[in-house]
Amino acid sequence: ESHSTEALTLLGDAHRQISELLRAMPSARAPEVARLGLLGALRQTLEDDLGHAFDSVAWQIEPEAEAQAKLIPSLNAEVVFYAAREVIRNAARYGRHDSEIALHLTITATWREGLSISIEDDGAGVSTTASTSGSGQGLALHSTLLAVVGGTLAVESEPGRYTRVVIHA
């Protein structure tokens with residue numbers, strides 16, 4: 001019985017965290033995803049809000065991925081958008097420890113039995129020390145939301161060289 005109580009407690013905590021995350025999401029961006037499409041809204045977010053954080057941003061979008069991304073159900077597209085935006089924000093916030101070092105971002109979208117969006121920066125990499133990084137809960141919660149809509153989020157990093165996050169939906 002203690003296992004079921006523990007499971008219910010964990011489930012309750014996860015539900016509370018997801019609810020808090022959903023409340024914290026700005027509602028102004030949702031119509032942009034509906035109007036511009038997933039990749040268009042991501043481009044606009046980078047141009048308007050986050051582009052200044054990078055020395056360059058390269059887009060590598062396969063035509064099939066662009067076309068298929070427009071067909072993703074709106075809820076799924078919004079979940080992917082917010083997850084990708086969180087990844088880009090993290091790259092902007094934690095990608096460089098020294099303002100003199102260049103930081104480049106590459107966003108690749110492919111279609112392989114679903115949409116894959118790879119977001120890679122050539123910055124500091126993911127650190128395991130709490131003093132140099134966030135709590136990690138942002139990506140964990142987005143990963144959970146992606147799982148709810150059948151998607152995944154995977155992080156690969158080499159400290160001092162790069163961080164790559166691949167979102168598949």
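Notes on the structure in this doc start here. Sequence order as written defines residue numbering, which begins from 1 separately in each chain. Where totals are concerned, whole chains, interfaces and linings use all residues; where local detail is concerned, this predicted model gives features only for residues with pLDDT of at least 70, and gives and counts side-chain atom pairs only at 80 or more. Side-chain measures were taken over the full set of non-hydrogen atoms in the model, leaving aside hydrogen atoms and water.

## Here's the deal with the nonpolar core
Right, on to step 1. One finds Ile 88, Ile 117 and Ile 167 to be the most contacted residues of the largest nonpolar core, which totals 38 residues.
Right, on to step 2. In this description a helix means any DSSP run of H or I spanning at least four residues, a strand means any run of E spanning at least two, and both kinds are numbered starting from the N terminus. At the level of secondary structure, the elements contributing two or more residues to this core comprise α1 (2-24), α2 (29-50), α3 (63-69), α4 (74-94), β2 (104-111), β3 (115-121), α5 (137-148) and β5 (162-168).
Right, on to step 3. Ranked by the residues each element gives to this core, the list is headed by α4, at ten residues.
Right, on to step 4. Here, two residues are considered to be in contact whenever any of their heavy atoms come within 4.5 Å of each other. Aside from chain neighbours lying at most four places away, what touches Ile 88 is Leu 42, Leu 46, Leu 50, Phe 54, Leu 105, Ile 107 and Ile 119. We define the nonpolar core as a collection of buried residues of types Ala, Val, Leu, Ile, Met, Phe, Trp, Tyr and Cys that are connected through side-chain atoms lying within 4.5 Å of one another. Note on classification: 1.4 Å probe, protein chains only; a residue is buried when its accessible area is under 20% of the maximum for its type, exposed when over 50%, partly exposed between these limits.

## Remarks on the packing of aromatic side chains
Right, on to step 1. Only Phe, Tyr and Trp rings take part, Trp by its six-membered ring, and two of them pair if their centres are within 6.5 Å. Stacked means planes under 30 degrees apart, edge-to-face means over 60, and tilted covers everything else. In total, this model carries one aromatic pair according to the counting rule given.
Right, on to step 2. Ring centres of Phe 81 and Tyr 82 lie 5.2 Å apart, and the angle between their planes is 70 degrees; this geometry places the pair in the edge-to-face category.
Right, on to step 3. What makes Phe 81 buried here is its relative accessible area of 0%.
Right, on to step 4. By the criterion adopted, a ring carries a charge over it if an Arg CZ or a Lys NZ lies within 6 Å of its centre and within 35 degrees of its normal. Against the face of Trp 59 rests Arg 43, its NZ or CZ located 5.2 Å from the ring centre.

## Here's the deal with the packing of α4 against α5
Right, on to step 1. What counts as an axis is a line fitted to C-alpha atoms, over the stretch in contact for a helix, and the angles between N-to-C directions run from 0 to 180 degrees. Contact pair α4 / α5: the axes reach a minimum separation of 9 Å and the direction vectors enclose 160 degrees. When the interaxial angle is binned, α4 and α5 end up roughly antiparallel. In terms of crossing hand, the pair formed by α4 and α5 is left-handed. In this structure, α4 uses Val 79, Val 80, Tyr 82, Ala 83, Glu 86, Val 87 and Asn 90 to contact α5, whose residues at the interface are Gly 138, Leu 139, His 142, Leu 145 and Leu 146.
Right, on to step 2. Class assignment for the residues of the contact of α4 with α5 results in eight nonpolar, three polar and one charged. In what follows, roughly perpendicular refers to angles from 65 to 115 degrees, roughly parallel to angles under 35, roughly antiparallel to angles over 145, and oblique to any angle outside these ranges. Here is the rule for handedness: rotate from the far helix to the near one, and if that takes an anticlockwise turn smaller than a right angle the crossing is left-handed, while a clockwise turn gives right-handed. Classification used: nonpolar for Ala, Val, Leu, Ile, Met, Phe, Trp, Tyr, Cys and Pro, charged for Asp, Glu, Lys and Arg, polar for all others including Gly.

## A few points about the environment of His 15
Right, on to step 1. With respect to the helices, strands and loops of the structure, His 15 is situated in helix α1.
Right, on to step 2. Owing to a relative accessible area of 55%, His 15 belongs among the exposed residues under this scheme.
Right, on to step 3. With 126 residues separating them along the chain, His 15 and Leu 141 place their C-alpha atoms 10.0 Å apart.

## A few points about the pattern of salt bridges
Right, on to step 1. For this document, the term salt bridge refers to a Lys or Arg side-chain nitrogen within 4 Å of an Asp or Glu carboxyl oxygen. One pass over the structure, following the stated rule, counts seven salt bridges.
Right, on to step 2. In this structure, Arg 96 engages Asp 55 in a salt bridge whose closest nitrogen and oxygen atoms are separated by 3.2 Å. With Arg 96 in the loop between α4 and β2 and Asp 55 in the loop between α2 and β1 (56-61), this residue pair connects regions lying 41 residues apart in the sequence.
Right, on to step 3. Under the relative-accessibility criterion, Arg 96 is labelled partly exposed at 23%.
Right, on to step 4. Arg 164 is paired through a salt bridge with Glu 120; the nearest N and O atoms lie 2.9 Å apart. Here Glu 120 lies in strand β3 and Arg 164 lies in strand β5, a separation of 44 residues in the sequence.
Right, on to step 5. The partly exposed category is assigned to Glu 120, whose relative accessible area is 25%.

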